[in-house]
Amino acid sequence: TLSLHDALPIYAGLKYNELNGSYLIPTFKNGKLSNLYKVALVRKQDKKTREWYDKWIIMASPGIEHTLMNWEETTEDTIWVVEGHWDRLAAKAIIASNGITPIGVPGAGVWKGSWCEPLSEKHVVFCYDNDTSGKAGFEQVILKHISASQYKPKSISYLAWPDDKPEGYDLN
């Protein structure tokens, strides 16, 4: 019997590349492959402090546009929009359906106007990461995309992380 830690990558179709330490994440729409994302740990430098840190980034396959992560044609009345495939898997484990469909976006700053359609007439909860990008991404989706779209959710809310949660805290 596999532990959840060992079984989750298999369930999600993840593949690990031992040569470079990256993961491949297939995403599907209605059972058909819609993208193949590469997730890699990259070294970045903070613009203010100039300190170096490691960050996981998600990259779409060259020549293929970003897609919603495992958007199903039939969704529940409530949709959780989360940042990334890992958070989508965590959301799916947390809610175990209960009338909620989790949808992952490639990152807080990535949104396409056409992605408003699956949110139409749904109760939408944005569960972005507890960081500046998460807050800015939520505002961008509302101001730039949903406000301009013909497809409007029934309601929109945002997960406000408690003050004791550290910067970057997320569902997983």
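Let us look at the structure shown here. Residue positions are counted from 1 within each chain, in the order its sequence is given. Selection of residues for local features in this predicted model requires a pLDDT of at least 70, selection of side-chain atom pairs for listing and counting requires 80 or more, and totals for whole chains, interfaces and linings are taken over all residues. Values shown for side chains rest on all heavy atoms present in the structure; no hydrogens or waters enter the calculation.

Structural notes on the overall build of the chain
Here's step 1: A count of helical and extended segments in the chain gives three helices and eight strands.
Here's step 2: Under the DSSP-based scheme used, a helix requires at least four consecutive residues in state H or I and a strand at least two consecutive residues in state E, with every element numbered from the N terminus. The order of helices and strands in the chain, counted from the N terminus, is α-β-β-β-β-β-α-β-β-α-β.
Here's step 3: Taken over 172 residues, the chain has a buried fraction of 38%.
Here's step 4: A separation threshold of at least 6 residues defines the contact pool for the chain, and within that pool the share at least 24 residues apart is 55%.
Here's step 5: Carbon and sulfur atoms make up 54% of the accessible area of the chain, which amounts to about 10,200 Å² in all. The buried label applies to any residue whose accessible area, calculated with a 1.4 Å probe on protein chains only, is under 20% of its type's maximum; exposed applies above 50%, and partly exposed to all values in between. Every residue pair with non-hydrogen atoms within 4.5 Å of one another is taken to be in contact. Methods summary: accessible areas were calculated by the Shrake-Rupley approach with a probe of 1.4 Å, and residue burial reflects only the protein chains presented.

Some remarks on the nonpolar core
Here's step 1: We call a set of buried residues a nonpolar core when its members are Ala, Val, Leu, Ile, Met, Phe, Trp, Tyr or Cys and they connect through side-chain atoms within 4.5 Å of each other. In terms of nonpolar packing, the biggest core is built from 16 residues, with Val 81, Val 105, Trp 111, Leu 119, Phe 126 and Tyr 128 touching the most fellow members.
Here's step 2: Among the elements of the structure, strand 5 (78-83), strand 6 (100-105), strand 7 (123-127) and helix 3 (132-146) are those that each provide at least two residues to this core.
Here's step 3: It is helix 3 that contributes the most residues to this core, three residues altogether.
Here's step 4: With ten residues, the next largest nonpolar core counts Ala 90, Ala 91, Ile 95 and Val 125 among its residues.

What about helix 3?
Here's step 1: A helix's residues, less one, multiplied by 1.5 Å, set its expected span. For helix 3, which comprises 15 residues, the first-to-last C-alpha distance of 20 Å matches the rise-based estimate of 21 Å (1.5 Å per residue) to within 8%.
Here's step 2: Considered for burial, the residues of helix 3 that qualify are Gly 134, Gly 137, Phe 138, Val 141, His 145 and Ile 146.
Here's step 3: Among the structural elements, strand 5, strand 7 and strand 8 (155-158) are those in contact with the buried residues of helix 3.

Re the sheet that holds strand 2 (residues 22-29)
Here's step 1: Note: two strands are recorded as paired if DSSP finds a minimum of 2 bridges between them. A sheet is described by the order of its strands in space; here four strands give the open sequence 1-2-3-4, paired in antiparallel fashion. The two strands at the open ends of the sheet, each matched to only one other strand, are strand 1 (15-17) and strand 4 (52-59). Neighbouring strand axes in the sheet, compared pairwise and without regard to direction, differ in orientation by 25 degrees on average.
Here's step 2: Direction of pairing for strand 3 (residues 32-45) relative to strand 4: antiparallel, over a ladder of eight bridges. Directly across from Leu 41, in strand 4, lies its bridge partner Trp 56.
Here's step 3: Packing against the sheet, helix 2 (residues 84-95) makes contact with strand 2, strand 3 and strand 4, and its axis sits at approximately 65 degrees to strand 2. Lines fitted to C-alpha atoms define the axes, with helix axes restricted to the stretch in contact, and inter-axis angles between N-to-C directions lie between 0 and 180 degrees.

Considering the packing of aromatic side chains
Here's step 1: A pair of Phe, Tyr and Trp rings is counted when the ring centres sit within 6.5 Å of each other, with Trp represented by its six-membered ring. The angle between the planes then sorts it: under 30 degrees is stacked, over 60 is edge-to-face, the rest tilted. All told, the structure shown has eight aromatic pairs when counted by the stated rule.
Here's step 2: Relative to Tyr 169, the ring of Trp 161 lies with its centre 5.1 Å away and its plane at 75 degrees, an arrangement referred to as edge-to-face.
Here's step 3: Put simply, the rings of Trp 111, Trp 115, Phe 126, Tyr 128, Phe 138 and Tyr 158 touch in pairs and so form one group of aromatic residues.

With respect to the pattern of salt bridges
Here's step 1: Think of a salt bridge as a Lys or Arg side-chain nitrogen and an Asp or Glu carboxyl oxygen that are within 4 Å of each other. All told, the structure shown has two salt bridges when counted by the stated rule.
Here's step 2: A salt bridge links Arg 43 to Asp 54, with the nearest nitrogen and oxygen atoms 3.0 Å apart. Remark: Asp 54 occurs in strand 4 and Arg 43 occurs in strand 3; sequence separation between them is eleven residues.
Here's step 3: Its salt-bridge partner being Asp 77, residue Lys 154 comes within 3.2 Å of it at the nearest N-O pair. Placement of the pair is Lys 154 in the loop between helix 3 and strand 8 and Asp 77 in the loop between strand 4 and strand 5, with a sequence separation of 77 residues.
Here's step 4: Assessed through its relative accessible area of 47%, Lys 154 is described here as partly exposed.
Here's step 5: Taking the relative accessible area as the measure of exposure, Asp 77 reaches 34% and is therefore partly exposed.

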